[in-house]
Amino acid sequence: MGILFGYCFVFSLKVASLRQRFFHSIAPGGLAGDRRGVVPASGFSFSAEQIWKVIKENKDLDLPAHKVMVATVRCEEIANEKFSSFIGNEEWRELEETVETKPVPGFGKKLSSILEVCLSEYDAEATYFDEGVRSSKRKQLEEKLLQLVQPAYQFMLGHIRSGTLDKFKEAFDSALNEGKGFAAAARDCTEYFMSQFDEASAGADIDQANWDSSKVRDKLRRDIDAHITAVRASKLSELTAMYEKMLNEALCGPVEALFDGASNDTWPAIKKLLRQETEKAVTGFSSALSGFEMDEVAKNNMLSRLEDHARGIVETKAKEEAGRVLMRMKDRFSTLFSHDSDSMPRVWTGKEDIRAITKTARSALLSVMAAIRLDDHADNIESTLSLALLDPKAAASTNRSISADPLASSSWNEVPSSKTLLTPVQCKSLWRQFKIETEYTVTQAISAQEASKRSNNWLPPLWAIVALIILGFNEFMTLLRNPLYLGFIFVGYLLAKALWVQLDISREFSNGALPGLLSISTKFLPTIMSLLRKLAEEGQGHANADPQHNHPLPARSSQSGTNDYNSSSASSEVTSSETGNEYSSNHYKVQ
């Protein structure tokens with residue numbers, strides 16, 4: 001009815017406007033005033049026919065049937081009422097509030113039921129109106145309702161996506177911790193949880209709508225792929241770090257030990273160690289990478305980087321050792337020079353070849369530390385250094401013919417600068433400093449050897465001994481004819497030996513003849529008096545102890561026995577000085 005009244009009102013306005021144009025026909029805008037649209041009277045009939053034809057053909061000018069107008073107005077009112085009723089529905093409002101914060105089980109069924117109830121009520125009230133109008137208004141109501149509930153549906157899909165992603169992460173990490181291959185775990189978990197998302201999103205679908213969840217599904221797949229990529233990079237980084245650490249532990253200590261005991265076999269031993277440890281690490285790393293199902297190019301690149309890392313460890317350690325080569329040289333010299341082949345401290349007795357020992361102790365280390373030799377390229381560094389530093393006479397003759405110092409250069413022949421640790425000039429400077437710092441030790445050894453020779457060479461020459469035998473033959477025969485002389489000589493020998501030990505004559509003469517004589521002369525008389533006093537005390541002590549332990553004897557015999565005992569006691573005291581350096585039963589020790 002409202003539409004009908006609207007049409008009538010518009011018609012009345014148009015009639016009034018036409019009336020005014022008739023009244024003011026000659027005015028501007030009137031029928032006669034607007035000459036552009038004036039039709040001659042002769043063509044009025046034809047013009048009227050054309051106007052009526054246009055009116056009949058223009059459907060917009062048709063007035064609807066009465067029942068259509070009533071159905072339109074009433075169905076629209078019912079649709080608005082049902083939309084308002086749906087907005088105020090407690091069940092819908094609770095569902096909407098809940099789904100904004102967390103997923104709602106059975107969301108699709110619940111929302112579909114609420115929508116179905118709303119549309120059913122509309123159908124029940126609009127069932128007697130025109131079918132076309134009723135269906136049109138129902139479709140409009142359904143579109144408005146779906147537009148209203150679509151944000152809730154998107155919230156639900158978002159919860160399903162985030163929940164599925166979280167479950168995927170947990171299951172994926174669990175599969176990796178159980179030892180499953182990375183690629184297999186990623187593939188299986190992805191397929192399973194994508195199917196879980198499809199099931200969950202199907203449960204959230206609304207019967208009244210045909211919404212597509214493919215965009216949310218694609219986002220979930222991108223998130224899963226991104227997580228797999230991040231975990232893959234992390235796992236590969238962990239594997240690489242683990243095997244690099246293994247190589248560090250396997251190479252650093254042994255390489256340092258090999259450099260510490262540097263010899264001609266040092267670099268071959270380092271190459272062998274590097275090859276063994278690298279092959280071991282590469283084999284394990286390759287086996288670990290097989291679970292990632294990488295393409296061969298990427299896998300070979302990672303294995304090559306691990307091999308380069310192992311080589312870099314050795315090169316870095318070699319550079320560190322080259323930086324403290326002077327300290328190593330001094331330690332090595334001290335060890336080899338001061339200890340014999342059995343690692344016992346060396347005693348300079350005069351029989352050692354100090355020149356040969358010094359040459360051995362000073363050799364090898366510089367040539368080993370001069371360059372990195374991990375490749376199979378030969379060089380002449382060892383021969384050059386040996387000729388220039390250890391054999392300067394030969395080097396001088398060679399330089400005379402070549403007219404150049406082999407160490408006056410900043411690079412080695414056939415050795416690239418990247419493999420050079422010590423340049424020839426640096427080697428020459430280090431050797432000069434090394435010789436200066438070890439010269440004192442060599443000088444001390446030579447002095448000790450000469451002192452040892454002097455202390456051990458106290459016998460007269462052989463010709464003097466032969467002369468003594470020839471010239472003293474008569475005296476020797478006299479001693480044989482009178483054995484009593486031998487007893488006096490033996491007692492004198494014992495006394496002389498006691499004085500030798502007491503005065504420590506060998507030590508005194510080790511510092512020279514004149515200082516030794518002066519020192520002995522100052523101690524000779526006090527030492528004689530001390531020995532006689534001790535002998536007297538010992539004899540008196542034994543004489544006082546005899547009456548308590550022995551039967552009484554005749555005075556002559558007792559005196560004789562006492563004299564004999566004192567003589568033997570004195571002899572035993574002197575004899576004991578040879579072995580234990582003691583001169584009394586009270587444990588007096590000669591200093």
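Since the model is a prediction, treat every value here as computed from it, not as a measurement. Within each chain, residue numbers correspond to sequence positions counted from 1 in written order. Reporting of local features is limited, given that this is a predicted model, to residues whose pLDDT is at least 70; pairs of side-chain atoms are given and counted only at 80 or more, and all residues count toward the totals for whole chains, interfaces and linings. Note that water and hydrogens are dropped before the side-chain values are worked out from all heavy atoms of the structure.

**Q** Please explain the overall build of the chain as it appears in this structure.
**A** Of regular secondary structure, the chain possesses 22 helices and zero strands. In the chain, which comprises 591 residues, the share counted as buried stands at 29%. Contacts were defined at the residue level, with two residues in contact if any of their heavy atoms lie within 4.5 Å. Taking as baseline every contact in the chain between residues at least 6 positions apart, the subset at least 24 positions apart corresponds to 68%. A total of about 37,600 Å² of accessible surface is found on the chain, and carbon and sulfur atoms cover 56% of it. The numbering of helices and of strands both runs from the N terminus, where a helix is a DSSP run of H or I of at least 4 residues and a strand a run of E of at least 2. Each residue gets one of three labels from its accessible area relative to the maximum for its type: buried under 20%, exposed over 50%, partly exposed in between, using a 1.4 Å probe on protein chains only. All accessible-area figures derive from a Shrake-Rupley calculation using a 1.4 Å probe, and residue coverage is judged against the displayed protein chains alone.

**Q** Help me understand the confidence of the model for the chain in this model?
**A** For residues with low pLDDT, the predicted coordinates do not support detailed interpretation. Every residue carries a pLDDT, the predictor's confidence in it, which falls somewhere between 0 and 100. In this model, the chain carries a mean pLDDT of 78, and residues with pLDDT of at least 70 account for 79%. Confidence drops under pLDDT 50 across residues 548-591; counting only partners more than four residues distant or on other chains, this segment forms 46 contacts.

**Q** Just to check I follow, could you spell out the nonpolar core for this structure?
**A** Inside soluble globular proteins, nonpolar side chains tend to come together where they are buried. Buried Ala, Val, Leu, Ile, Met, Phe, Trp, Tyr and Cys residues form a nonpolar core when they are joined through side-chain atoms within 4.5 Å. Membership of the largest hydrophobic core comes to 105 residues, with the highest contact counts inside it found for Phe107 and Leu366. With 15 residues, helix α6 (residues 131-177) is the largest single contributor of residues to this core. In this structure, leucine 366 is in contact with Val325, Met329, Leu385, Leu389, Leu422, Cys427, Leu430 and Trp431, ignoring residues within four places of it in sequence.

**Q** I tried to follow the packing of α6 against helix α7 (residues 182-204) on my own but got confused; where do I start?
**A** Simply put, an axis is a line fit to the C-alpha atoms, just over the touching stretch for a helix, and the angle between two N-to-C directions goes from 0 to 180 degrees. In the contact formed by α6 and α7, the axes pass within 9 Å of each other and the chain directions differ by 155°. Of the possible angle classes, the one that applies to α6 and α7 is roughly antiparallel. Judged by the sense of rotation from one axis to the other, the crossing of α6 with α7 is right-handed. Here Tyr153, Met156, Leu157, Ile160, Arg161, Thr164, Lys167, Phe168, Ala171, Phe172, Ala175 and Leu176 of α6 come into contact with α7, specifically with Phe182, Ala185, Ala186, Cys189, Thr190, Phe193, Phe197, Ala200, Ser201 and Ala204. A class-by-class count of the residues in the contact of α6 with α7 yields 17 nonpolar, three polar and two charged. Should an angle fall under 35 degrees it is taken as roughly parallel, and over 145 as roughly antiparallel, whereas 65 to 115 is taken as roughly perpendicular and any remaining angle as oblique. Crossings are classed by handedness, with left-handed meaning an anticlockwise turn of the near helix from the far one by less than a right angle and right-handed meaning a clockwise turn. The residue classification treats Ala, Val, Leu, Ile, Met, Phe, Trp, Tyr, Cys and Pro as nonpolar and Asp, Glu, Lys and Arg as charged. All others, Gly included, are polar.

**Q** Help me out: how do you make sense of the packing of aromatic side chains in this one?
**A** A ring pair, where both rings are aromatic, is described by two values, the distance of the centres and the angle of the planes. Classification of ring pairs rests on two measures: the distance between centres of Phe, Tyr or Trp rings, Trp counted by its six-membered ring, which must be within 6.5 Å, and the angle between planes, read as stacked under 30 degrees, edge-to-face over 60 and tilted in between. Taken as a whole, this structure holds 10 aromatic pairs when the rule is applied. Between the aromatic rings of phenylalanine 172 and phenylalanine 182, the centroid separation amounts to 5.3 Å while the plane-to-plane angle is 70°, which identifies the pairing as edge-to-face. A residue pair is termed long-range when its members are at least 10 positions apart, and phenylalanine 172 in helix α6 and phenylalanine 182 in helix α7 qualify at 10 residues. Judged by centre distance (5.4 Å) and plane angle (55°), the ring pair of tyrosine 243 and phenylalanine 285 falls under tilted. Of this pair, tyrosine 243 sits in helix α8 (residues 214-260) while phenylalanine 285 sits in helix α9 (residues 266-289); the two residues are 42 residues apart in sequence, bridging distant segments of the chain. Each member of the pair tyrosine 243 and phenylalanine 285 is classed as buried. Taken together, the aromatic side chains of Phe168, Phe172, Phe182, Tyr192, Phe193 and Phe292 make up a single cluster linked through ring pairs. Only lysine NZ and arginine CZ atoms are considered, and such an atom sits over a ring when it is within 6 Å of the ring centre and within 35 degrees of the ring normal. Residue placement shows lysine 144 over the ring face of phenylalanine 83; its charged tip is 4.4 Å from the ring centre.

**Q** Is there a simple way to explain unusual backbone geometry in this structure?
**A** Most of the time, phi is negative for any residue but glycine, and the peptide bond is trans. A positive phi is found at glutamate 293, a non-glycine position, where the angle reads about 50°. For glutamate 293, the position within the fold is in the loop between α9 and α10 (296-323). Given a relative accessible area of 52%, glutamate 293 falls into the exposed group.

**Q** What exactly am I supposed to notice about the side chain of glutamate 321 here?
**A** Inspection of the secondary structure assignment puts glutamate 321 in helix α10. Apart from the residues lying within four places of it in its own chain, the contact partners of glutamate 321 are Glu256, Phe259, Arg328 and Met369.

**Q** In this structure, what is going on with the pattern of salt bridges? I would like to understand it.
**A** Two side chains with opposite charge may pair up if their charged atoms get near one another. Note on definitions: salt bridges are taken to be side-chain nitrogens of Lys or Arg within 4 Å of carboxyl oxygens of Asp or Glu. On inspection of all chains with the given rule, the structure shows 19 salt bridges. Of the charged contacts, one joins glutamate 256 and lysine 317 as a salt bridge, the two residues approaching to 3.8 Å between their closest N and O atoms. With glutamate 256 in helix α8 and lysine 317 in helix α10, the pair connects residues that are 61 residues apart, well separated along the chain. Classification of glutamate 256 as partly exposed rests on a relative accessible area of 28%. Given the relative accessible area of 11%, lysine 317 is considered buried. Glutamate 320 is the partner of lysine 317 in a salt bridge, and the nearest nitrogen-oxygen pair spans 3.2 Å.

**Q** Before we go on, may I ask you to explain a nonpolar patch on the surface in this structure?
**A** On the surface, a cluster of nonpolar side chains totalling about 630 Å² of accessible area is made up of Leu462, Ile465, Val466, Ile469, Ile470 and Leu471. Looking at the secondary structure, you find isoleucine 470 in helix α17 (residues 462-471). The exposure class of isoleucine 470 is exposed, given its relative accessible area of 59%. Patch rule: a residue counts if its relative accessible area is over 30% and it has no salt bridge; like charges are joined within 9 Å, and nonpolar side chains (Val, Leu, Ile, Met, Phe, Trp, Tyr) within 5 Å.

**Q** Help me understand the environment of alanine 262 in this model?
**A** Here alanine 262 is to be found in the loop between α8 and α9. In this structure alanine 262 comes out as buried when scored by relative accessible area, which is 1%. With 105 residues separating them along the chain, alanine 262 and serine 367 place their C-alpha atoms 9.4 Å apart.

**Q** For this particular structure, what's the right way to read helix α4 (residues 90-99)?
**A** Every α-helix winds through 3.6 residues per turn, so residues three or four apart in the chain are directed the same way. Those residues of α4 lying buried are Trp92, Leu95 and Val99. On an axial view of α4, the arc spanned by its buried residues comes to 65°, and they lie on one face. Counted as exposed and oriented over 90 degrees from the buried face of α4: Glu90, Glu94 and Glu97. Each C-beta atom gives one direction from the helix axis, and the arc is the one those directions make.

**Q** How should the side chain of histidine 227 be read in this particular structure?
**A** With respect to the secondary-structure elements, histidine 227 resides in helix α8. Excluding anything up to four places from it in sequence, histidine 227 contacts Phe168, Lys169, Phe172 and Asp173.

**Q** Where do I start with a negative patch on the surface in this structure?
**A** Residues Glu90, Glu91, Glu94, Glu97 and Glu100 make up a contiguous surface patch of negative charge. Within the secondary structure, glutamate 90 sits in helix α4. Here glutamate 90 falls in the exposed class, since its relative accessible area comes to 56%. We score Asp and Glu as negative and Lys and Arg as positive, and we do not count His or the chain ends. Note on charges: their place is set at NZ of Lys, CZ of Arg, CG of Asp or CD of Glu.

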